[in-house]
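Remarks on the overall topology
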Amino acid sequence: MLPAALTMQVAHPAIGAGVDAHSVFRTDPWGRGERSLRSLQLWIYGGADAVEEGRRLRTLHKDIQGTDAHGRRYHALTPAYYAWVHATGYPVYRHGLGYLARPLTEAQERALYAEWLQVGRVLGIHDRDMPGTIEEFWPYYRRVLAEELEATAVVRELLATDAPVPAPDRGPLPVRLALRALWPLLRGPFLRARAFLTVGLMPPDAREAIGLEWTDAQERRLRRFARVVRAVVPALPERLRYLPLARRARRAARRENRVTGTAARSGR
């Protein structure tokens, strides 16, 4: 689901301009992706390290400023822009779960939003800059869609199926060598799949606001793909379903629950 959220972020002209001018997503896409994913995991599973990661990100962004395509000045830490980057994850995750897992109940949606606010605080976003409730979130979200988003140059580049993306340079050496050799054949299918899932897992109202096409045939393909995911992923072992930081957090939670349970039984 991450590419859908990232694309909604850069559909904001100020954020798109900042990424266009300051990001290494063109020259080091795999490294940037790896760093972004690790950072995101730290916000959620990092404990005390999460707060430090939030400080690091704000320091990293403090010098990112310039002029967007409309001639307007921007700064990466402008509260409205920084908060929108964080906000995109909630509607994308909520929407994507309906395909890849199961739709959330109303209580789960509220719990998820409360957790999203907590992650925002980890990132250094003030409560006054984030809608405090779901009831406040949706009017804010729809206003940004209606008044701010557009198909920026970075959006078009992220969805291009002929972009000059280099071969993956992460993982074991034999895998990297094989991918490098096969990349001329794999790059096209990879970019088409990336564009398909990016647009498909984006909420329809965001898709419409940015001006992205989505057909009934594509919707049927996405639903078929999602059925496969829902059948296969739950059957996989935990080491394949969760990234390392998440696995460690789950193990720690289980240990804590066992200790708590043992103490409670002893108390009885």
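What you see is a predicted model, and the numbers here were worked out from it, not measured in a lab.

Cut-offs and rules
- Residues numbered from 1 in each chain as written.
- Predicted model: local features only at pLDDT ≥ 70, side-chain atom pairs only at ≥ 80, totals over all residues.
- Heavy atoms only, no water.
- Helix = DSSP H or I, 4+ residues; strand = E, 2+ residues; numbered from the N terminus.
- Rg over C-alpha atoms; globule rule 2.2 N^0.38 Å.
- Buried < 20%, exposed > 50% of the residue type's maximum accessible area, 1.4 Å probe, protein only.
- Contact = heavy atoms within 4.5 Å.
- Areas by Shrake-Rupley, 256 points an atom, 1.4 Å probe, with all protein chains shown as cover.
- Lys, Arg positive; Asp, Glu negative; His and termini not counted.
- Charge placed at Lys NZ, Arg CZ, Asp CG, Glu CD.
- Patch = residues over 30% accessible without salt bridge, like charges linked within 9 Å, V, L, I, M, F, W, Y side chains within 5 Å.
- Salt bridge = Lys/Arg side-chain N within 4 Å of Asp/Glu carboxyl O.
- Axes fitted to C-alpha atoms, helices over the stretch in contact; angles between N-to-C directions.
- Left-handed = near helix turned anticlockwise from the far one by under 90°.
- Expected span 1.5 Å × (residues − 1).
- Phe/Tyr/Trp six-rings, centres within 6.5 Å; stacked < 30°, edge-to-face > 60°.
- Lys NZ or Arg CZ within 6 Å of the ring centre and 35° of its normal.
- Core = buried A, V, L, I, M, F, W, Y, C linked by side-chain atoms within 4.5 Å.

A separate point is the overall build of the protein chain. A tally of helices and strands in the protein chain yields 14 helices and 2 strands. For a compact globule of 268 residues, the expected C-alpha radius of gyration is about 18 Å, and the protein chain comes in at 20 Å, within 12% of that figure. With the principal axes as the frame, the protein chain shows a C-alpha extent of 70 × 50 × 40 Å. Residue burial in the protein chain is summarised as follows: out of 268 residues, 36% are buried. Contacts in the protein chain between residues far apart in sequence, at least 24 positions, make up 68% of those at least 6 positions apart. By element, 57% of the accessible surface of the protein chain is carried by carbon and sulfur atoms, the whole surface being about 15700 Å². For the protein chain, the centre of its 42 positive side-chain charges and the centre of its 28 negative side-chain charges are spaced 9 Å apart.

Moving on, we come to a positive patch on the surface. Residues Arg38, Arg248, Arg251, Arg255 and Arg258 make up a contiguous surface patch of positive charge. For the positive patch, the leading source of residues is helix H14 (residues 244–267), giving 4 residues. Relative to the elements of secondary structure, Arg248 occurs in helix H14. Look at Arg248 and you get partly exposed, because its relative accessible area is 43%.

Following both chains from N to C, one finds helix H1 (residues 2–10) and helix H6 (residues 89–100) inclined at 145°, their axes separated by 9 Å at the closest point. Once H1 is placed against H6, the crossing between them reads as right-handed. For the pair formed by H1 and H6, the contact residues are Ala4, Ala5 and Met8 on the first element and Gly89, Pro91 and Val92 on the second.

Let us look at helix H8 (residues 134–147). Between its first and last C-alpha atoms H8 spans 20 Å; for 14 residues at 1.5 Å apiece the expected length is 20 Å, and the two agree. Residues Ile134, Phe137, Trp138, Tyr140, Tyr141, Val144 and Leu145 constitute the buried set of H8. Residues of H8 that are buried in the fold lie against H1, helix H5 (79–87), H6, helix H7 (106–122) and helix H11 (204–210).

A few words now on the pattern of salt bridges. Under the definition given, this model contains 16 salt bridges. One salt bridge connects Arg35 with Asp28, and the closest N-O pair in it is separated by 3.2 Å. Under the relative-accessibility criterion, Arg35 is labelled partly exposed at 44%. Where Glu238 meets Arg254, a salt bridge forms, and the shortest distance between an N and an O atom there is 3.1 Å. Of the two residues, Glu238 is situated in helix H13 (residues 238–241) and Arg254 in helix H14; the sequence distance between them amounts to 16 residues.

Let us now look at helix H2 (residues 13–22). Within H2, 7 of the 10 residues are buried, which leaves the element mostly enclosed by the surrounding structure. Of the positions making up H2, those classed as buried are Pro13, Ala14, Ile15, Gly16, Ala17, Gly18 and Val19. Those residues of H2 hidden inside the fold are in contact with H1, strand E1 (65–67), strand E2 (73–75), H5 and helix H9 (153–159).

Position of Thr198 relative to the elements: it lies in helix H10 (residues 173–200). On the accessibility criterion, Thr198 (3% relative accessible area) is buried. Among all residues touching Thr198, those that are not within four sequence positions of it are Pro3, Ala4, Thr7 and Leu159.

Turning to the packing of aromatic side chains, a few remarks are in order. Each aromatic ring pair is described using two quantities: the centre-to-centre distance and the angle formed by the ring planes. Scanning the model with the defined rule gives 16 aromatic pairs in all. Considering the side-chain rings of Trp30 and Phe190, the 5.5 Å spacing of their centres and the 40° angle between planes classify their relative orientation as tilted. Separated by 160 residues along the polypeptide, Trp30 in helix H3 (residues 29–45) and Phe190 in helix H10 bring together distant segments of the chain. Taken together, the ring pairs connect Trp84, Tyr90, Tyr93, Tyr113, Trp116, Phe137, Trp138, Tyr140 and Tyr141 into an aromatic cluster. Its guanidinium or amino end placed over the ring of Phe196, Arg221 lies 4.2 Å from that ring's centre, counting from NZ or CZ.

With 47 residues, the main nonpolar core has Met8, Trp84, Tyr90, Phe137, Tyr141 and Ile210 as its most contacted residues. For this core, the element with the highest residue contribution is H8, accounting for 7 residues. Not counting chain neighbours up to four residues away, the residues in contact with Trp84 comprise Met8, Gln9, His12, Ile15, Tyr140, Tyr141, Val144, Leu145 and Leu149.

As a further point, take a nonpolar patch on the surface. There is a patch of nonpolar side chains on the surface, built from Leu182, Leu185 and Leu186 and spanning about 290 Å² of accessible area. Note on Leu185: relative accessible area 65%, which makes it exposed.

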